[in-house]
Amino acid sequence: MKPNTYIFFRNDQQQVQFEFDPADPSCLDHAEFKYFGRVLNHLEPTIQNMGLTIYVTAWTVHELPSYGPNVISCILQDEWGREPKYRDKVGMVFKTCGTTPFNADSYKHGDLSDIISNTLGQGKAFTTDGAGRLGTLISRISNKTIAPVHSIPLGYYAKEESVADIPFTERTNDLFFAGSIQHKKGKRFSIKRPKELARDRMTTALSLLAQNHPDINIKTTITGGFGESIVNANKAYLDNMVNTKICPVPRGANLETFRFYEAIRSGCIIIGEAFPKGWFYDDAPIIRLENWHDIQTIVPELLADQDRMLELHTQTLDWWNNICSEQSLSDHIGDKITSFYKAKP
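Every value quoted in this text rests on a predicted model; they were computed, and no experiment measured them.

**Q** Please give an account of the sheet that holds strand E6 (residues 149-151) that cites residues and values.
**A** The sheet built from six strands is open, its strands ordered E2-E1-E3-E4-E5-E6 with mixed pairing. Of all the strands in the sheet, the pair left with one neighbour each is strand E2 (15-19) and E6. Mean inter-strand twist for the sheet, computed between neighbouring axes without regard to direction, equals 20 degrees. As paired elements, strand E3 (residues 53-57) and strand E4 (residues 68-75) share five bridges and run parallel to each other. Bridge pairing in E4 places valine 56 opposite cysteine 74. In the packing of helix H10 (residues 326-343) onto the sheet, contacts are made with E4, strand E5 (90-95) and E6, and the angle to E5 comes to roughly 165 degrees.

**Q** If you had to explain the sheet that holds strand E10 (residues 269-272) to someone new, which residues and values would you point to?
**A** What the five strands build is an open sheet, ordered E8-E7-E9-E10-E11; its pairing is parallel. Here the strands that pair on one side only, and so sit at the sheet edges, are strand E8 (218-223) and strand E11 (286-288). Adjacent strand axes in the sheet meet at a mean angle of 20 degrees when their direction is disregarded. Contacts between helix H9 (residues 306-324) and the sheet are confined to strand E9 (244-248), E10 and E11, with E10 contributing the most and set at about 95 degrees to the helix.

**Q** So what's going on with the nonpolar core? Which residues, and what values?
**A** As a rule of thumb, soluble globular proteins bury nonpolar side chains together. With 58 residues, the main nonpolar core has Phe36, Val56, Ile72, Phe260, Tyr261, Ile333 and Ile337 as its most contacted residues. The contacts of phenylalanine 36, once residues within four sequence positions are left out, are Leu28, Val56, Cys74, Leu76, Ile152 and Ile333. Counting residues in each nonpolar core, the second largest holds 20 residues, with Leu209, Ile269, Ile295 and Met309 among its members.

**Q** Would you mind going over the packing of aromatic side chains in detail, with residue names and values included?
**A** Considering all chains together, one arrives at 19 aromatic pairs under this definition. Centre to centre, the rings of phenylalanine 8 and phenylalanine 33 are 5.9 Å apart; their planes meet at 45 degrees, and the pair counts as tilted. On the criterion of sequence distance, the pair formed by phenylalanine 8 in strand E1 (residues 5-11) and phenylalanine 33 in the loop between E2 and helix H1 (34-47) is long-range, its members being 25 residues apart. Look at phenylalanine 33 and you get buried, because its relative accessible area is 9%. Through a chain of ring-to-ring contacts, the aromatic side chains of Phe260, Tyr261, Phe275, Trp279, Phe280 and Tyr281 assemble into a single cluster. Directly above the ring of tyrosine 67 sits lysine 89, whose terminal nitrogen or CZ lies 5.2 Å from the centroid. Positioned over the ring face of tyrosine 156 is arginine 265, at 4.2 Å from the centre of the ring.

**Q** Account for the packing of helix H7 (residues 258-265) against H9, with residues named and values stated.
**A** Their axes nearest at 8 Å, the elements H7 and H9 cross at an angle of 115 degrees. Judged by the angle between their axes, H7 and H9 are roughly perpendicular. Where H7 abuts H9, its residues Tyr261, Ile264 and Arg265 lie against Thr316, Leu317, Trp319, Trp320 and Cys324. Its residues assigned to classes, the contact of H7 with H9 shows six nonpolar, one polar and one charged.

**Q** Go over the pattern of salt bridges with me, naming the residues and quoting the values.
**A** Counting across every chain of the model gives 11 salt bridges. Residues aspartate 78 and lysine 95 are paired through a salt bridge, measuring 2.9 Å at the closest nitrogen-oxygen approach. Within this pair, whereas aspartate 78 is found in the loop between E4 and E5, its partner lysine 95 is found in strand E5, the two being separated by 17 residues in sequence. Here aspartate 78 matches lysine 95 in class, with each residue buried. Here the salt bridges share partners, and the residues they tie into one network are Asp78, Arg82 and Lys95.

**Q** Tell me about H10, and please be specific about residues and values.
**A** Note on helix geometry: an α-helix contains 3.6 residues per turn, so any two residues three or four positions apart are oriented the same way. Compared with an ideal rise of 1.5 Å per residue, which puts 18 residues at 26 Å, H10 spans 26 Å between its outermost C-alpha atoms and is within 8% of the ideal. Turning to H10, its buried residues number three or more, namely Glu326, Ser328, Leu329, Ser330, His332, Ile333, Gly334, Ile337 and Tyr341.

Definitions and cut-offs
- Residues numbered from 1 in each chain as written.
- Predicted model: local features only at pLDDT ≥ 70, side-chain atom pairs only at ≥ 80, totals over all residues.
- Heavy atoms only, no water.
- Pairing = 2+ DSSP bridges.
- Helix = DSSP H or I, 4+ residues; strand = E, 2+ residues; numbered from the N terminus.
- Axes fitted to C-alpha atoms, helices over the stretch in contact; angles between N-to-C directions.
- Contact = heavy atoms within 4.5 Å.
- Core = buried A, V, L, I, M, F, W, Y, C linked by side-chain atoms within 4.5 Å.
- Buried < 20%, exposed > 50% of the residue type's maximum accessible area, 1.4 Å probe, protein only.
- Phe/Tyr/Trp six-rings, centres within 6.5 Å; stacked < 30°, edge-to-face > 60°.
- Lys NZ or Arg CZ within 6 Å of the ring centre and 35° of its normal.
- Parallel < 35°, antiparallel > 145°, perpendicular 65-115°, else oblique.
- Nonpolar A, V, L, I, M, F, W, Y, C, P; charged D, E, K, R; others polar.
- Salt bridge = Lys/Arg side-chain N within 4 Å of Asp/Glu carboxyl O.
- Expected span 1.5 Å × (residues − 1).

See below:
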């Protein structure tokens, strides 16, 4: 068989196309997909010489440079959860951030403002998703073969090889959050976005916790938007993460966030309101809140129970190593690819 071909392709906010070699773990670092580049680095030896063309893209959901049964599409940043309209033209699709704009968990937290904001946001996503879902429906009616869509973890954004881990009992940040409230700096809407509503609740709860429990070391840094956050990410951010016991993980523009993976990789205990559905979340050792205000009782009780803290820390690291790490995701994708093509005539 022919060697596999790996191509990075974007035709959305950016127009980019280049071929890359996953033998280099940093092959996608300059495209800001450090996690998935390392996943492919582990994957290639297990699927080599299958003659596959593997496209890696971000927001580009409805087009690829070429099609065929040996084409695999990896969509890594579609926060709207759209469905690609070329499912009848490729072999397989792997996708982060969900495969539908709708998530019922979005409606379980907050108040009427959250319901309205989530409904508007998900309605807009469904509107932009029409081409993909209509194309799949037509293909099904026509009895065409439809490529399976497999949900995969988003993974981390921040990555620094020089960050040294700190033993859990020696960590000095009881809680740590660094990030934005708004998605884009200076951009305000008459109706707040779901991300802003959720993070407003979280920061209010953290401020109250700090006021009522000055003995708890809470470290927060608020940035002007996601773009500013990622510019300021990496070394200082990760130095704090590996020095943290409990990490609040609020939703972003999507329920899926880089922060979740950056925190579990560091063994931080995760607390949050809403999380995505999926095999890499459903049984994760997460403290799930009804409301961010619940941290007023949950956090002090947790910090007072060192045995429980260490248990959750260990379970979290196990979840990273066995479910979400680069090697584990590579094994998962490799199993899906080999079983799929082995079953084909």
